[in-house]
Amino acid sequence: MLLTGQVICLVGASSGIGAGVAEGLYREGAKVIIGARRLNKLEDVVKLCNDNHPNSQGQIHPVECDVTSRESVQKLFDTACEQYSCSSVDAIVNCAGVMYFTKMKNAQMDQWDQTVDVNCKGATNCMGVAIPPMVEAKKGKIISITSDAGVRDFPNLAVYCASKRFVETLTEITRRELVGTGVTLHTILPGDVKGTDLLLRNTDTEAADAMGVSIGVPVGEGFAREQLIDPNDIANAVITMLTSPPHVAINSILIEPRDQE
Ligand SMILES: NC(=O)C1=CN([C@@H]2O[C@H](COP(=O)(O)OP(=O)(O)OC[C@H]3O[C@@H](n4cnc5c(N)ncnc54)[C@H](OP(=O)(O)O)[C@@H]3O)[C@@H](O)[C@H]2O)C=CC1
Ligand SMILES: CC(=O)[C@H](N)C(=O)O
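Keep in mind it's a predicted model, so treat the numbers as computed, not measured.

About the cut-offs
Residues numbered from 1 in each chain as written. Chains lettered and ligands numbered in written order. Predicted model: local features only at pLDDT ≥ 70, side-chain atom pairs only at ≥ 80, totals over all residues. Heavy atoms only, no water. Helix = DSSP H or I, 4+ residues; strand = E, 2+ residues; numbered from the N terminus. Buried < 20%, exposed > 50% of the residue type's maximum accessible area, 1.4 Å probe, protein only. Polar contact = N/O pair within 3.5 Å; in protein donor to acceptor, adjacent residues only side chain to side chain. Contact = heavy atoms within 4.5 Å. pLDDT = per-residue confidence, 0-100. Near = heavy atom within 4 Å. Areas by Shrake-Rupley, 256 points an atom, 1.4 Å probe, with all protein chains shown as cover. Nonpolar A, V, L, I, M, F, W, Y, C, P; charged D, E, K, R; others polar. Pairing = 2+ DSSP bridges. Axes fitted to C-alpha atoms, helices over the stretch in contact; angles between N-to-C directions.

Within the secondary structure, Asp 90 is located in the loop between helix 3 (70-83) and strand 4 (91-94). Classification of Asp 90 by relative accessible area gives buried; the value is 18%. Looking at Asp 90, its side chain comes within polar contact range of the side chain of Lys 139, at 2.8 Å. If sequence neighbours within four positions are ignored, Asp 90 has contacts with Gly 5, Gln 6, Val 7, Met 134, Lys 139, Gly 140 and Lys 141.

Below is the structure:
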């Protein structure tokens, strides 16, 4: 097992990519605290990990967490330290995010607010909570799942693309600021990942139709292009970052379906 003994906080783990990353970390023997708002779905993830990997030396515990609240993120971090008897964690992985296709002329302002709150403020809350104890401990990795939208322009996703660029910029500047402290920052930029809940709450059918995607269904359903990557591919990218040799920092991984334009 590649991650035996590593203590890892994982937020946004109740479905999709985060649930897949949780399984990968557990499979590799990590001690994981998983967080999200839907506690019942987190409990399903714990059960799935135990059922699928009965011989793992890993541990996994669910904690209700809303990344838009700094107190809630602090509670999750503190729970990890108490549960696993440490003053900091080896890594925090942030998979929490929302994505809404919206045409700017349709002014879906509540969805824009939520995008900024979860994607941007969620990232600053994770960093604000994790960086001070990590610097004190002289070690720690902060991994944010952003998107290929962090480096590519997708029409009908202006606020989402901007939110992902925010996290890319935040990460790169913080990474440079913390050089020499032992704390490193990383992003994973996925293309389309199948089977996740990301499009379930979309409502702007005009924007979705313009992109040729179906909303209200798991990502991938109704896509013209069949080949997509899956959450386990992202889990493997996270594990690659967490297991690099000490003198190496894999700062970013852009990972897309081979045939995505
Ligand atoms: N699927 C894809 O094609 C791609 C996804 N991504 C990114 O990956 C990340 C995960 O998305 P994906 O797995 O696809 O979608 P899902 O909708 O399946 O997962 C989103 C996760 O974020 C959590 N979340 C949302 N709001 C909050 C909140 N306020 N506090 C805590 N957790 C929250 C959800 O949990 P809950 O609702 O229980 O709180 C859920 O666990 C997102 O950042 C997305 O932008 C990037 C590129 C491609
Ligand atoms: C821009 C995209 O559609 C990307 N696959 C994402 O979900 O972030």
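Okay, the confidence of the model for the chain next. Low-pLDDT portions of the prediction should not be read for the details of their coordinates. Overall, the prediction assigns the chain a mean pLDDT of 97, with 100% of residues at 70 or greater. Two numbers describe this predicted complex: its pTM, 0.98, and its ipTM, 0.99.

Before going further, it helps to spend a moment on the site of ligand 1. Around ligand 1 sit 29 residues, and of these Arg 37, Arg 38, Tyr 160, Val 193 and Thr 196 come closest. Ser 15 is positioned such that a nitrogen or oxygen atom in its side chain is 2.8 Å from an oxygen atom of ligand 1. Within the backbone of Val 193, an N or O atom sits 2.7 Å from an oxygen atom of ligand 1. For ligand 1, whose unbound accessible area comes to 870 Å², protein coverage reaches 98%. Of all the elements in the fold, those that place two or more residues in the shell around ligand 1 are helix 1 (16-27) and helix 5 (158-177). Here the residues of the shell around ligand 1 are counted per class, giving 13 nonpolar, 10 polar and 6 charged.

Quick look at the sheet that holds strand 4 now. Two orientations exist for strands paired in a sheet by backbone hydrogen bonds: parallel and antiparallel. In space, the 7 strands of this open sheet follow the order 3-2-1-4-5-6-7, with parallel pairing throughout. Of all strands in the sheet, those bounded by a partner on one side alone are strand 3 (59-64) and strand 7 (252-255). Looking at each pair of strands side by side, their axes are set apart by 15° on average, direction ignored. Note that strand 1 (residues 7-11) and strand 2 (residues 31-36) share 5 bridges and pair parallel. Each residue of the ladder has a partner; that of Val 11, found in strand 2, is Gly 35.

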